[in-house]
Amino acid sequence: MSDLPRKAVARTAKLAALPLGFAGRTALGLGKRIGGRPAEMIAAELQQRTAEQLFATLGQLKGGAMKLGQALSVFESALPEQVAGPYRAALTKLQEAAPPMPVKSVHAALAERLGADWRDLFQEFDDKPAAAASIGQVHRAVWHDGRRVAVKVQYPGAGEALLSDLTQLGRFARLLGPLIPGMDLKPLIAELRDRVAEELDYGLEASAQIAHAEEFAGDADVTVPAVVHHSDQVLVTEWLEGVPLSEVITDGTQEQRDRAGQLLARFLFSGTARTGLLHADPHPGNFRLVTGDHPDGPPEKWRLGVLDFGTVDRLPQGLPAEIGTALRLTLDGDAEAVHELLRDEGFVKPEIELDPEAVLDYLLPIIEPAQVEEFTFTRDWMRSQATRIADPRSPAYQLARQLNLPPAYLLIHRVTTSTIGVLCQLGATVRMRDEMEAWVPGFADDSPAEDCGQGTPA
């Protein structure tokens, strides 16, 4: 494999070929139907080929293209089963791997960022990457003091590639829209583009990871690798051994899935309350189940290992108390109060008139997991929500088109829905209400959660 493609013309040509390929396969399918082949067989074949082209292209390009692929991967559970099947394997590949950067490029980047004598910092350095992501790849190594470490090296030209990809992807976002029912990809792509500068700065990532590692040091449920060394494009952290969450999704027992799901929900809410930072890249490739001395169980002893703090939302006061208050009022059935709060926060624009009861009917199915003591997240439930909002004949569709998502809530919304997507992939039974009562300001009562840095719910 050559270096990360940096020429805008070459990258644009690859991306521009995607919608052309979709259109060509649709025409081919029509021809086959005229020739007498069953529609279902043709549809499955087209979906398989589309999946192969889409995610092969995104993975090869890395950059913004792969970043979009990873963001989409957590919404796989929203797809109808007959469509999801061909996509699932391709999506999983994106969560854990991508074509590697040449060894000479890795060494050149390390020499530039750590100095010509960079090898003196390590007792050992494995040239073969252990993992690859959208803007960098990770190598196993042994630090000079004997610690096993992960060395993340940024791809040369990653910034230019990210911006080029996301600009081009934004131009045909509507063509990709049918991949995820009920989801407008344009705001997602715009938000990913806005985060480019932060994600490229490994110094910012290091500071966010340090904050989490210090807060969760010794925690019974969550562990974050310590930062060992960093520059602007190289990040060295302690190595985290564990079972990738994607493997639990594929092969885990129900007990393991439930434990993983509970920990994921706990980290979603407690992480922000305890650090003032929201981990904003919750695809399965960024999580490990750390089994420690209990590799074969019991799962209740396992911890959630969290990686990749390149994208965070800075929320010094934790999640906005208005979120918890709105959820509590919705569960209480107070339609007028919910409508007023949503209007005050900008979810309902001043010129829009909505029926408060209709708003309540729209919200209640979405927050079903918080209505009960424990809730089993399933792909069927996720699909039902996506279908309800995506069907133009549905009242939910009509109402959703009139709601507004204020910029301050955009990343919170994406992280929450992405995490729910992962929970549905796990098929986990989770005590979601417990976590929200413990960590979400305003949910249990009118006051913000107190003692956010202490302990976790039993």
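Residues numbered from 1 in each chain as written. Predicted model: local features only at pLDDT ≥ 70, side-chain atom pairs only at ≥ 80, totals over all residues. Heavy atoms only, no water.

(A) Structural detail: a negative patch on the surface. A surface patch of like charges, here negative, comprises Asp332, Asp334, Glu336, Glu340, Asp344, Asp355, Glu357 and Asp361. When contributions to the negative patch are tallied by element, the ones reaching two or more residues are helix H14 (335–344) and helix H15 (356–366). Structurally, glutamate 340 can be placed in helix H14. (Patch = residues over 30% accessible without salt bridge, like charges linked within 9 Å, V, L, I, M, F, W, Y side chains within 5 Å. Areas by Shrake-Rupley, 256 points an atom, 1.4 Å probe, with all protein chains shown as cover. Salt bridge = Lys/Arg side-chain N within 4 Å of Asp/Glu carboxyl O. Lys, Arg positive; Asp, Glu negative; His and termini not counted. Charge placed at Lys NZ, Arg CZ, Asp CG, Glu CD. Helix = DSSP H or I, 4+ residues; strand = E, 2+ residues; numbered from the N terminus.)

(B) Quick peek at empty space enclosed by the protein. Within this structure, the stated rule accounts for 6 cavities of 30 Å³ or more. Looking at the largest cavity, its volume works out to about 90 Å³. Lining the largest cavity we find 13 residues, and of these Phe267, Leu268, His279, Val415 and Thr419 sit closest to its centre. Those elements that provide at least two residues to the lining of the largest cavity are helix H12 (254–275), strand E8 (277–279) and helix H18 (407–426). Tallying contributions element by element places H12 first for the lining of the largest cavity, with 5 residues. Of the residues belonging to the lining of the largest cavity, the class tally is 8 nonpolar, 5 polar and no charged. (1 Å grid on protein atoms, 1.4 Å probe; cavity = no way out; pocket = protein on both sides within 12 Å on 5 of 7 lines; lining within 4 Å. Points joined across faces, edges and corners; volume = space filled by probe spheres on them. Nonpolar A, V, L, I, M, F, W, Y, C, P; charged D, E, K, R; others polar.)

(C) Just the packing of aromatic side chains, in detail. Under the definition given, this model contains 9 aromatic pairs. Ring geometry for tryptophan 118 against phenylalanine 125: centres 5.3 Å apart, planes inclined by 80°, an arrangement best described as edge-to-face. For the ring pair phenylalanine 375 and tryptophan 381, a centre distance of 5.3 Å and an interplane angle of 70° mean the geometry is edge-to-face. Judged on exposure class, the residue phenylalanine 375 and its partner tryptophan 381 are both buried. Above the ring of tyrosine 202, the side-chain terminus of lysine 152 is found at 5.2 Å from the ring centroid. (Phe/Tyr/Trp six-rings, centres within 6.5 Å; stacked < 30°, edge-to-face > 60°. Buried < 20%, exposed > 50% of the residue type's maximum accessible area, 1.4 Å probe, protein only. Lys NZ or Arg CZ within 6 Å of the ring centre and 35° of its normal.)

(D) Broad picture of the sheet that holds strand E6 (residues 234–238). With antiparallel pairing, 5 strands are arranged side by side in an open sheet as E1-E2-E3-E6-E5. Taken across any chain shown, the strands that pair with only one partner, and hence form the sheet edges, are strand E1 (122–132) and strand E5 (227–230). The mean inter-strand angle of the sheet, taken between neighbouring strand axes irrespective of direction, is 25°. Pairing geometry for E5 and E6, over 3 bridges, is antiparallel. Paired with histidine 229 across the bridge in E6 is valine 236. Against the sheet, helix H5 (residues 103–114) contacts E1, strand E2 (136–143), strand E3 (148–154), E5 and E6, and its axis sits at roughly 125° relative to E1. (Pairing = 2+ DSSP bridges. Axes fitted to C-alpha atoms, helices over the stretch in contact; angles between N-to-C directions. Contact = heavy atoms within 4.5 Å.)

(E) Expanded view of the confidence of the model for the protein. Averaged over the protein, the pLDDT score is 80; the fraction of residues at 70 or greater is 70%. Low confidence marks residues 19–44, where pLDDT is under 50. Its contacts with residues over four positions away, or in another chain, come to 23 contacts. Counted against residues more than four places away or in other chains, residues 447–458, with its pLDDT under 50, gives 24 contacts. (pLDDT = per-residue confidence, 0-100.)

(F) Spatial organisation of the packing of H12 against helix H19 (residues 432–439). Axis separation between H12 and H19 bottoms out at 9 Å; the angle between their running directions is 10°. Classified by the interaxial angle, the pair formed by H12 and H19 is roughly parallel. Contacts between H12 and H19 pair Gln262, Ala265, Arg266, Phe269, Ser270, Ala273 and Arg274 from the former with Met432, Glu435, Met436 and Trp439 from the latter. Taken together, the residues of the contact of H12 with H19 break down into 6 nonpolar, 2 polar and 3 charged. (Parallel < 35°, antiparallel > 145°, perpendicular 65-115°, else oblique.)

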